[in-house]
Amino acid sequence: MWSADYFTNTPVVTHDGKEFRFYEDLIKGKIVVVNFIYTSCRDVCSLATARLAQVREMLGDRVGRDIFFYSITLDPALDGPEVLKKYAANFHTGPGWLFLTGTPENISTIRQKLGERSKSLGDHRNDVLLGNDATGEWGRDSIFADAEHLAHNIVRMDRRERDTPTMKVAGAITGGAPRSLGHVPGRALFVKACAACHKIGDGKHIGPDLAGVTARRPRDWLVRFIVSPGKMIGEGDPTALALLAEYRGLRMPELGLTEKDAEDVITYIETNAGKTGDQDVIGAAAGNGPEGK
Ligand code: HEC
């Protein structure tokens, strides 16, 4: 339990350049979801942001009304409001979700208070903090576990929701049946590591639509790209550079996958293009994310 006097009124600046007092303006009396990112992160930050965007969509207009999302940069020196604004736009974040920066001292104060004490940028935590200031309840949840489950846990921070649940997400998506990811190779991986950014046959999302990707790119290019997009950008691969430019600098993350993982996920993409029935499951489901990242 963290009470009001635990938090400081440290000033923070949003991705729109507005200044707020951290506790008074952003936390007091609210239900909040807080995580830490930095925009030059090459691995899990963007996957985490994309996963939160999925959760945000499930919560609909509750976000901005009862629930507020804050993504705080761990690299305030580099991530000024302009940089955060561009980053946020890539994820279609919408109202009620602020990306926060400030002076390095101020951000450091807030980090310490919220228990984000990692020494280097690379080993920061990838969970979310859930808080209800009105009741003084705070907890942590995994960003990489089931997105729907996280959406539920967020809504349940509201006591009224515990007494009389109104959230219909689960039933609507699964029809009450337990969701199984089955034994289709590549499927579970696609759901947990790709689906937050890519659709197969439903159009461009945060990243390109992957329907037909196996026809437009050579297979060995796909394997190399999925295993390490950064390496291909580093080598000046023209297709990788063109994609990076097209997606306004948003990089496909380094997910630490093996060639075998990449092969499986490519096969899955190849055999599932256009099967929108499966997309429904994929859009909502998730496994456990890249562990330990
Ligand atoms: C955080 C979002 C994100 C995640 C997660 C992600 N990608 Fe991407 N992906 C992108 C973006 C953005 C691009 C385009 C820009 C670039 O290439 O850097 C891209 C590009 C690609 C491309 C090239 C598409 C083309 O038209 O040639 C492939 C293939 C791909 N991703 C596959 C995957 C697979 C497979 C996974 C999961 C293992 C995955 N991506 C996870 C964001 C993501």
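These notes cover the structure that comes with them. (Residues numbered from 1 in each chain as written. Predicted model: local features only at pLDDT ≥ 70, side-chain atom pairs only at ≥ 80, totals over all residues. Heavy atoms only, no water.)

### A few points about the overall build of the chain
Consideration 1: When helices and strands are tallied, the chain shows 14 helices and seven strands.
Consideration 2: Burial statistics for the chain: of 293 residues in total, 51% are counted as buried.
Consideration 3: For the chain, the exposed area adds up to about 13,300 Å²; of that, 53% sits on carbon and sulfur atoms. (Helix = DSSP H or I, 4+ residues; strand = E, 2+ residues; numbered from the N terminus. Buried < 20%, exposed > 50% of the residue type's maximum accessible area, 1.4 Å probe, protein only. Areas by Shrake-Rupley, 256 points an atom, 1.4 Å probe, with all protein chains shown as cover.)

### Details of the coordination of the iron atom of the ligand
Consideration 1: Within the protein, His198 (NE2) and Met252 (SD) serve as the donor atoms for the iron atom of the ligand, at 2.0 to 2.1 Å.
Consideration 2: What the six donor atoms of the iron atom of the ligand show is an angle range of 84 to 178° at the metal, which sorts the shape as octahedral. With a gap of 54 residues between them, His198 in the loop between helix 8 (187-193) and helix 9 (213-216) and Met252 in the loop between helix 12 (238-246) and helix 13 (259-272) connect regions that are remote in the sequence.
Consideration 3: On the basis of relative accessibility, which here comes to 24%, the residue Met252 falls in the partly exposed class. (Donors = N, O, S within 2.8 Å, 3.2 Å for Na, K, Ca; no water. Tetrahedral: all angles 85-135°; square planar, octahedral: opposite > 155°, others 65-115°.)

### Thoughts on the state of the cysteines
Consideration 1: Counted by the stated rule, this structure contains one disulfide.
Consideration 2: A sulfur-sulfur distance of 2.4 Å marks the disulfide that ties Cys41 to Cys45. Sign of the S-S torsion, about 90° for the bond between Cys41 and Cys45, identifies this disulfide as right-handed.
Consideration 3: For Cys41, a relative accessible area of 8% gives the class buried. (Disulfide = S-S within 2.5 Å.)

### Structural notes on unusual backbone geometry
Consideration 1: Even without being a glycine, His92 presents a positive backbone phi close to 50°.
Consideration 2: When you line up the elements, His92 lands in the loop between helix 3 (81-90) and strand 5 (97-101).
Consideration 3: Backbone geometry places Arg248, a non-glycine residue, at a positive phi of 45°.
Consideration 4: Its location among the elements puts Arg248 in the loop between helix 12 and helix 13.

### Quick word on the environment of Ile67
Consideration 1: Along the polypeptide, Ile67 turns up in strand 4 (residues 67-73).
Consideration 2: Each C-alpha atom, one on Ile67 and one on Val32, is 5.6 Å from the other, the two residues being 35 residues apart in sequence.
Consideration 3: Residues within four places of Ile67 in sequence aside, it is in contact with Ile31, Val33, Leu59, Arg62, Gly96, Ile154 and Val155. (Contact = heavy atoms within 4.5 Å.)

### Some details on the site of the ligand
Consideration 1: Inspection of the region around the ligand gives 26 residues, with Cys194, Cys197, His198, Arg217 and Met252 positioned closest.
Consideration 2: Here an oxygen atom of the ligand and a backbone polar atom of Leu250 are 3.5 Å apart.
Consideration 3: Judged by the fraction of its atoms near the pocket grid, the ligand is located in the largest cavity.
Consideration 4: Counting residues per element, the ones that place at least two in the shell around the ligand are helix 2 (44-59), helix 9, helix 10 (219-227) and helix 12.
Consideration 5: Looking at the shell around the ligand element by element, the count peaks at three residues for helix 10.
Consideration 6: Across the shell around the ligand, the residue classes tally to 20 nonpolar, three polar and three charged. (Near = heavy atom within 4 Å. Polar contact = N/O pair within 3.5 Å; in protein donor to acceptor, adjacent residues only side chain to side chain. 1 Å grid on protein atoms, 1.4 Å probe; cavity = no way out; pocket = protein on both sides within 12 Å on 5 of 7 lines; lining within 4 Å. Sits in = over half its atoms within 2 Å of the grid points. Nonpolar A, V, L, I, M, F, W, Y, C, P; charged D, E, K, R; others polar.)

### Some remarks on the environment of Val32
Consideration 1: As for its placement among the helices and strands, Val32 is situated in strand 3 (residues 31-37).
Consideration 2: Excluding residues within four positions of it along the chain, Val32 makes contact with Leu26, Ile27, Phe68, Tyr70, Leu129, Leu130, Gly131 and Trp138.

### Describing empty space enclosed by the protein
Consideration 1: Going through the model one piece at a time under the given rule, you end up with two cavities of 30 Å³ or more.
Consideration 2: Space inside the largest cavity adds up to approximately 470 Å³.
Consideration 3: Along the walls of the largest cavity sit 29 residues, with His198, Pro208, Leu210, Phe225 and Met252 positioned nearest its centre.
Consideration 4: Only helix 9, helix 10, helix 12 and helix 13 provide two or more residues apiece to the lining of the largest cavity.
Consideration 5: Residue classes in the lining of the largest cavity are distributed as 23 nonpolar, three polar and three charged.
Consideration 6: What the second largest cavity holds in volume is close to 40 Å³.
Consideration 7: In this structure, the second largest cavity is lined by 11 residues; those nearest its centre are Phe36, Glu116, Asp127, Leu129 and Arg140. (Points joined across faces, edges and corners; volume = space filled by probe spheres on them.)

### Notes on the pattern of salt bridges
Consideration 1: Counted according to the given criterion, the structure contains 15 salt bridges.
Consideration 2: As a salt-bridge pair, Glu161 and Arg62 come within 3.5 Å of each other at their nearest N and O atoms. Taken together, the residues span a long stretch of sequence, with Glu161 in helix 6 (residues 159-163) and Arg62 in the loop between helix 2 and strand 4 at a distance of 99 residues. Of the two residues, Glu161 and Arg62, neither departs from the other in class, the shared state being buried.
Consideration 3: The salt bridge partner of Arg160 is Asp158, with a shortest N-O separation of 2.7 Å.
Consideration 4: Several salt bridges converge on common partners, so that one network encompasses Asp61, Arg65 and Asp66. (Salt bridge = Lys/Arg side-chain N within 4 Å of Asp/Glu carboxyl O.)

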